[in-house]
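The chain contents come next:
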Amino acid sequence: MFSLNGTNFPNDSLSGVSRCLIQSRKKVSFPMVVASVSPNGRPADRNVSVLMENTLKEMKENSPVIEKDSKSTVTGGVGDVYGEDSATEDQTITPWNFSVASGYSLLRNPHYNKGLAFSEKERDSHYLRGLLPPVVFNHELQVKKLMNNLRQYDVPLQRYMAMMDLQERNERLFYKLLMENVEELLPVVYTPTVGEACQKYGSIFRRPQGLFISLKEKGKILEVLKNWPEKKIQVIVVTDGERILGLGDLGCQGMGIPVGKLSLYTALGGIRPSSCLPVTIDVGTNNEKLLKDEFYIGLSQRRARGQEYAELLDEFMSAVKETYGEKVLIQFEDFANHNAFDLLAKYGTSHLVFNDDIQGTASVVLAGIMAALNLVGGNLAQHKFLFLGAGEAGTGIAELIALEMSKQTGAPLEETRKRTWMVDSKGLIVRSRMESLQHFKRPWAHDHEPVKELVNAVKLIKPTVLIGSSGTGKTFTKEVVQAMATFNKKPVIFALSNPTSQSECTAEEAYTWSEGRAIFASGSPFAPVEYKGKVFVSGQGNNAYIFPGLGLGLIISGAIRVHDDMLLAASEALAAEVSQENLEKGLIYPPFANIRKISAHIAAKVAAKAYELGLATRLPQPENLVTYAESCMYSPSYRSYR
């Protein structure tokens, strides 16, 4: 363990120096740790060498990811009292406060470890001789080797664990591997494999990847946040584990979701990994299996509700703002309906908050529908929508569709909502059920006789677009799909529930039962389908298309609130990325191989909307937001350590 003697530094305050060191150490281009110092001020170990001239030289030779003087005229923000605007940028340092990590400690530091990519010179200067095999691999060869290794695993969870091990061993290699093989590895680090990982999270838990804040920490959350080593945070993904994908209440084990989402924020949206914080709020679980499991890693009690729950969340939200500032993006993830809407409404006016299940899903589905219109014809207002599932995802999608329809036609929102119908567990949502409906379902209760079964609702409503967000698999039956195909030349079918086992129907079923006429997209990926000699490639309405670019756009503009118009801008930007070649293949989403460029374009549109709405604080606005967004994106390239 390294120690610090405060008397050897210009600042006599030990706590002040420590805070400065913690805030800055991630920003340099060489492996840094605080030195162990002897009473005479000299390093106490030969593996630690004090930086003087070499440090200054490194600072000059290793350019930061964001160079304000050459890439943008944006130099800080309005009211930037917390330093939020610089949280993803390389920081200057005081050279004599730092020492180079060498030898064994360097190989155990995931932020700076390069494994076999350390050069001969680096192995000599950092005491790595003998600690590594003699061969030197470059970054590209490391990626090739690891992909070869990953493909040897037959079980997806084994690939997931191998990726998590790599992230804990060599961060830059993990992100380079993911970025260069995103289409193959996205299902590994996120849905559907992450669902199984959450179910078994207690068994595969290795080391902390985020903060666990439980009822035991009530009254101490501010101190708990200070335990996290990184002090400049831009994005927090938080869950309480109550509604993990379509798997239900997984309690504390839902941590796999924030960890996975933030990996995608970095890989797909270019948000610096050091500025991302995964959080799980543990208020217990109602999962009987977990409550009886002696190895369960969370609070073994039933879920807290009411005032106790609200007070814990309120303390968390206040502590986050006090610790990280106004502009930290807090993404709510996989909260149950009864909390998700309330939290978004409560904190949407005081914090920079975003619910991916409500708003992210809505934005990506709207983009898919807008792209699909190029195949089916007509404008949005000419189509009719039927949802199976009226929870946070379904109602969120419906509301954004109605908003876009209102924007395009000028019609009142109350009128455009009438183009959408919903079926929940009790049947079609109609006005006669109004008194028993939850508040978020009431806007979708229209005049119609009660209808119990989905297939009958399809036959009576005659929708052009059928959307599943029910979390229940096999609900788009053969009869339902065939009914859609009887009055639609090209029925649009979205089976969005995750993971794959919970999908309302498979791609093969949709294409076969519609005789190859369906335009199909799903939440989890499906393999291409061959039907009557033609190969159909289905789209994946994955939220990863939207939230990384949205987050980047909020950050580069210094936005202080998320507005619905930003979500519409993100949808329009994503739909615009679908090429004619994609459409000819039946794809209504662009290939994930281009996701970094897609995210940059989404970020630019979101940032432009933030400036237009007066919600941006990083001033002045850059001339070319796309170029600026690309310049701000994190790169996992290795740095040279001298």
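Refer to the preceding data block for the structure.
The structure presented is a predicted model; accordingly, all values stated were derived computationally and were not measured.

(A) Region of interest: the sheet that holds strand 14 (residues 519-522). Reading across the sheet, the seven strands line up as 11-10-9-12-13-14-17 and stay open at both edges, with mixed pairing between neighbours. Two strands bound the open sheet, and with one partner strand each, they are strand 11 (427-428) and strand 17 (539-540). Across four bridges, strand 9 (residues 385-388) lies against strand 10 (residues 420-424) in parallel orientation. Paired with leucine 388 across the strands is valine 423, a residue of strand 10. Taken strand by strand, helix 17 (residues 356-376) contacts strand 9, strand 12 (465-468), strand 13 (492-495) and strand 14, and its axis lies near 155 degrees from that of strand 13. Docked against the sheet, helix 20 (residues 454-461) engages strand 9, strand 10, strand 11 and strand 12, running at close to 175 degrees with respect to strand 9.

(B) Structural context of helix 6 (residues 139-150). Helix length check: helix 6 (twelve residues) gives 17 Å between terminal C-alpha atoms against 16 Å at 1.5 Å per residue, within 8%. On the buried face of helix 6, the contacting elements are helix 7 (156-169), helix 8 (171-180) and helix 9 (182-189). The backbone nitrogen of glutamate 140 lies 3.2 Å from a side-chain oxygen of the residue at the head of helix 6, namely asparagine 138.

(C) Representation of the environment of glycine 468 within the structure. Counting through the fold element by element, glycine 468 comes out in strand 12. For the pair glycine 468 and glycine 394, spaced 74 residues apart in the sequence, the C-alpha separation amounts to 7.8 Å. If sequence neighbours within four positions are ignored, glycine 468 has contacts with Leu388, Phe476, Phe494, Ala495, Leu496, Ser497 and Glu504.

(D) Structural view of the nonpolar core. Among the nonpolar cores identified, the biggest contains 119 residues, and Ile401, Ile467 and Phe494 are the most heavily contacted of them. Not counting residues up to four positions away in its chain, the partners in contact with isoleucine 467 are Val365, Ile369, Leu386, Phe387, Leu388, Ile397, Ile401, Phe476, Phe494 and Leu496. Counting 36 residues, the second largest nonpolar core, distinct from the first, contains Leu215, Leu299, Val328 and Phe332.

(E) Just helix 21 (residues 478-486), in detail. Regarding helix 21, the residues found buried are Val480, Val481, Ala483, Met484 and Ala485. The elements touched by buried residues of helix 21 are helix 20, strand 12, strand 13 and helix 22 (507-513).

(F) Representation of the sheet that holds strand 7 (residues 329-332) within the structure. Taken together, five strands build an open sheet; the order of strands is 4-6-5-7-8 and the sheet is parallel. A strand with exactly one partner marks an edge of an open sheet, and here the two such strands are strand 4 (211-214) and strand 8 (353-355). Averaged over all neighbouring strand pairs, the angle between strand axes comes to 25 degrees, with direction disregarded. The pairing of strand 4 with strand 6 (residues 276-282) spans four bridges and is classified as parallel. Bridge pairing in strand 6 links serine 214 to aspartate 282.

(G) Structural detail: the pattern of salt bridges. Within this structure, the stated rule accounts for 30 salt bridges. As a salt-bridge pair, arginine 151 and glutamate 184 come within 2.8 Å of each other at their nearest N and O atoms. Of this pair, arginine 151 sits in the loop between helix 6 and helix 7 while glutamate 184 sits in helix 9, and the two are 33 residues apart along the sequence. Through salt bridges that share partners, Arg243, Asp334, Asp357 and Glu392 make up one connected network.

(H) Spotlight on the packing of helix 13 (residues 256-269) against helix 26 (residues 595-613). Between helix 13 and helix 26, the shortest axis-to-axis distance is 8 Å and the interhelical angle comes to 90 degrees. Here helix 13 lies roughly perpendicular to helix 26, going by the angle between them. Residue-level inspection shows Thr266, Ala267, Leu268 and Gly269 of helix 13 in contact with helix 26, the latter providing Ile595, Arg596 and Ser599.

(I) Quick peek at the packing of aromatic side chains. For the structure on display, the rule yields eleven aromatic pairs. Ring centres of phenylalanine 341 and phenylalanine 440 lie 4.3 Å apart, and the angle between their planes is 15 degrees; this geometry places the pair in the stacked category. Taken together, the residues span a long stretch of sequence, with phenylalanine 341 in helix 16 (residues 337-347) and phenylalanine 440 in the loop between strand 11 and helix 20 at a distance of 99 residues. Residue phenylalanine 341 shares its accessibility class with phenylalanine 440, and that shared class is buried. Plain terms: the ring middles of phenylalanine 520 and phenylalanine 526 are 6.3 Å apart, the flat faces sit at 55 degrees to each other, and that makes the pair tilted.

(J) Main features of the packing of helix 13 against helix 23 (residues 547-557). Running from N to C, helix 13 and helix 23 cross one another at 75 degrees; their axes reach a closest spacing of 8 Å. Classified by the angle their axes make, helix 13 and helix 23 are roughly perpendicular. Residues Lys261, Leu264, Tyr265, Leu268 and Gly269 of helix 13 form the contact with helix 23, whose own contacting residues are Phe547, Pro548, Gly551 and Leu552. Here the residues of the contact of helix 13 with helix 23 sort into six nonpolar, two polar and one charged.

(K) Fine view of the environment of aspartate 564. Looking at where aspartate 564 falls in the secondary structure, it is placed in helix 24 (residues 564-576). Classification of aspartate 564 as partly exposed rests on a relative accessible area of 36%. A sequence separation of 164 residues divides aspartate 564 from leucine 400, and the C-alpha atoms of the two residues are 7.9 Å apart.

(L) View of the pairing of strand 13. What you see with strand 13 is no split at all: Val492 and Phe494 on one side and Ile493 and Ala495 on the other are buried throughout. Here strand 12 runs beside strand 13; their pairing, made up of four bridges, is parallel. The partner of leucine 466 across the bridge, within strand 13, is isoleucine 493. On the question of chirality, the crossover connecting strand 12 to the parallel strand 13 by way of helix 21 is right-handed. Both strand 13 and strand 14 contribute to a ladder of four bridges, which runs parallel. When the bridges of strand 14 are listed, valine 492 appears paired with isoleucine 519. Handedness of the crossover is the feature at issue here: the chain leaves strand 13, passes through helix 22, returns alongside strand 14, and the resulting connection is right-handed.

(M) Examining the side chain of histidine 383 more closely. Looking at where histidine 383 falls in the secondary structure, it is placed in the loop between helix 17 and strand 9. For histidine 383, a relative accessible area of 9% corresponds to the buried category. Looking at histidine 383, its side chain comes within polar contact range of the main-chain oxygen of glycine 377, at 2.8 Å. At a separation of 3.0 Å, a polar atom in the side chain of histidine 383 contacts the side chain of threonine 464.

Calculation criteria
- Residues numbered from 1 in each chain as written.
- Predicted model: local features only at pLDDT ≥ 70, side-chain atom pairs only at ≥ 80, totals over all residues.
- Heavy atoms only, no water.
- Pairing = 2+ DSSP bridges.
- Helix = DSSP H or I, 4+ residues; strand = E, 2+ residues; numbered from the N terminus.
- Contact = heavy atoms within 4.5 Å.
- Axes fitted to C-alpha atoms, helices over the stretch in contact; angles between N-to-C directions.
- Expected span 1.5 Å × (residues − 1).
- Polar contact = N/O pair within 3.5 Å; in protein donor to acceptor, adjacent residues only side chain to side chain.
- Core = buried A, V, L, I, M, F, W, Y, C linked by side-chain atoms within 4.5 Å.
- Buried < 20%, exposed > 50% of the residue type's maximum accessible area, 1.4 Å probe, protein only.
- Salt bridge = Lys/Arg side-chain N within 4 Å of Asp/Glu carboxyl O.
- Parallel < 35°, antiparallel > 145°, perpendicular 65-115°, else oblique.
- Phe/Tyr/Trp six-rings, centres within 6.5 Å; stacked < 30°, edge-to-face > 60°.
- Nonpolar A, V, L, I, M, F, W, Y, C, P; charged D, E, K, R; others polar.
- Right-handed = clockwise from strand over helix to strand, strands pointing away.

These figures come from the coordinates and say nothing about function on their own.
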